[in-house]
Every structure is written in C-alpha cells, then in structure tokens.
Amino acid sequence: KIEVATQQSTQLRQTTKDSCIQQDVDWRLSQPLPTLDKLSSLDWTTVNQIESTLLQDARYGTQAPSTARTPITNLLIAINLLIFCAELLWQARSGNQEFSLIPWGGLSAPLVLAGQWWRIVTANFLHLGILHLGMNMLALLYLGKFVEYRLGSFRYLLAYLIAGFGSMGMITYIDTRWLTEPRITVGASGAIMGMLGTMGAIHLRGWRQAKVAAAGRQFQAVLFSVGFQLVFDLTNGHTSIVGHFSGLMIGFLVGLVLLQFGNGD
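No experiment lies behind these values; they were computed from the predicted model shown.

Draft legend 1. The environment of Leu140, seen in detail. As for its position among the elements, Leu140 is in helix α7 (residues 130–151). With relative accessibility at 0%, the residue Leu140 sits in the buried group. Taking the C-alpha atoms as reference points, Leu140 and Asp57, separated by 83 residues in sequence, lie 22 Å from one another. Not counting chain neighbours up to four residues away, the residues in contact with Leu140 comprise Thr73, Leu76, Ile77, Lys145, Tyr156, Tyr160 and Ile192.

What follows is the structure, given as structure tokens:
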C-alpha cells in the first residue's frame, strides 16, 4: 500500500504544525522502503510485540476513543442538566430564594425510614448549584465515557445505578445510626465515584491478569485520584465522604463482577 501510505504521509506533512513530525515525514518520503520479505522471524516477532503493546496501551489509555459511542453517558448528563434547569425555573417562578431540595426528592434519612425510599433514587439527580453540577458533569463526561466504552452501555448503566443508589443507602444508614440532626444530601458524586472505582477494577484486571504495563500505570493514577479526593473531602465540610467512598467501593466491586461477563475485559 505504498501509494496510500505516501498520500497519508503527505497529508500529515501539510496539516501538522509539529516541526519534528514534518522532518520525520520528509525523511521517510526521501528514503527507499525496506524489503519486507528479508525480515527474519525474530524481526517479525519484534514487530508483533510492538503492535500488541501499542494496542494494549490504547485499550488501557486515559480516555475512550473519540469515535466511541457512549449514549448512556450523554443521556445521564442530559437528565441532570434538564432537572437542574427545572429547579432554577421553579425557583424563579416561586420567588423562593431559600431553595429547598426536599420537595424535589433530596435525601433525608428520617423521610426514607418513613417510607419515602424513592429519595435514594431521586437524590442522585439533584444538585445544589451550577458549580456542584458542573464539577460532577465534567467528571462524569471523563469517567463515564471510558467505563461505558470498556463495559458496554448496559453494564455501565448497571454499575452507575448500583453505585449511586448504594452510596445513598449507605448515607441513610450512617445518618440514622450516628447523626443526631438530619441533613439533606443530593448529587451524582456517589455514582461518579463509583465509576472511578469501576475504572480502577478495569485497570487492575488488565494489570494483574493480562500483564499490561499501561493498565498498571493507570491503576496507580486511579489510586492517586482517590487519595486526592480523600484529602479534599477531609478539608471540605460540604462534601459527603461517606457517599463518595461508599460509591467508590461499590463501583470497584461491581466492576470486578461485571468484568466476568461479556467482552469488556
């Protein structure tokens, strides 16, 4: 495919602004091509190893390919945005500046124990403000697309919901057992931390079972992110450390289980 390769190289030379790439393309086009039938079996083994390494590095990269279809992530972001817009519209029409999320389904342990169990679901889609919403949606865009790309849409949605509902259930349990004053909890961060846990499960499996070096590096990056989140939560009194880390652990465990099924491992 010499003609195709030459055309692609020339196009790359014209579109890139990287002088190193331009020089490399110029050098390649000026050199004769090697005779591939003269490569030894050892040479071909090396080529195959390089190709396998590149494929594995791409598979365990930091994000999903730009061509990956992630409809569930897009849908979840859209739902959160629409609900937040509805909150703002209701606040503007009611003239209530002290906006309460209780009528919208905010999590309150006493109300859940009183039979309003649906708050464990609805609280995952409510946010306190534009900053709260924006940070969560950016994290979901990054983590969600990767996990959906690797697990597939159905298993990804299952992991997301289990992590989100599980984290709200854990908050309800802790609030009931140890808090004397009830609090209101909202936000998708428990489910999103669950996706960080699931990402960790994907990389850990690739590192331990497939022996992919890139997966090991990414797993270490996940651990660093967990440590950073822990420091942030301990120094910020407005976040739920119980919700975050229960979601993280649930997502990790669910990810390990889901990787046993389907073609995402």
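Draft legend 2. Summary view of the pattern of salt bridges. By the definition in use, this model includes 2 salt bridges. With a shortest N-O distance of 2.9 Å, Asp26 and Arg13 are connected by a salt bridge. Note that Asp26 is positioned in helix α2 (residues 19–30) and Arg13 in helix α1 (residues 2–15), a separation of 13 residues in sequence. The class for Asp26 is partly exposed, based on a relative accessible area of 37%. With relative accessibility at 29%, the residue Arg13 sits in the partly exposed group. One salt bridge in this structure joins Arg183 and Asp175, with 3.0 Å as the shortest N-O distance. The exposure class assigned to Arg183 is partly exposed, which follows from its relative accessible area of 31%. Residue Asp175 is classed as buried on the basis of its relative accessible area, which comes to 9%.

Draft legend 3. Molecular detail of the packing of α7 against helix α9 (residues 189–208). Put simply, α7 and α9 touch, their axes get as near as 9 Å, and they point 40 degrees apart. Between α7 and α9, the angle falls in the class oblique. Crossing handedness for the pair α7 and α9: left-handed. Of the residues in α9, those touching α7 at Asn136, Ala139, Leu140, Tyr142, Leu143, Phe146, Val147, Arg150 and Leu151 are Ser189, Ile192, Met195, Leu196, Thr198, Met199, Ile202 and His203. Classifying every residue of the contact of α7 with α9 by side-chain character gives 12 nonpolar, 4 polar and 1 charged.

Rules used throughout
- Residues numbered from 1 in each chain as written.
- Predicted model: local features only at pLDDT ≥ 70, side-chain atom pairs only at ≥ 80, totals over all residues.
- Heavy atoms only, no water.
- Helix = DSSP H or I, 4+ residues; strand = E, 2+ residues; numbered from the N terminus.
- Buried < 20%, exposed > 50% of the residue type's maximum accessible area, 1.4 Å probe, protein only.
- Contact = heavy atoms within 4.5 Å.
- Salt bridge = Lys/Arg side-chain N within 4 Å of Asp/Glu carboxyl O.
- Axes fitted to C-alpha atoms, helices over the stretch in contact; angles between N-to-C directions.
- Parallel < 35°, antiparallel > 145°, perpendicular 65-115°, else oblique.
- Left-handed = near helix turned anticlockwise from the far one by under 90°.
- Nonpolar A, V, L, I, M, F, W, Y, C, P; charged D, E, K, R; others polar.

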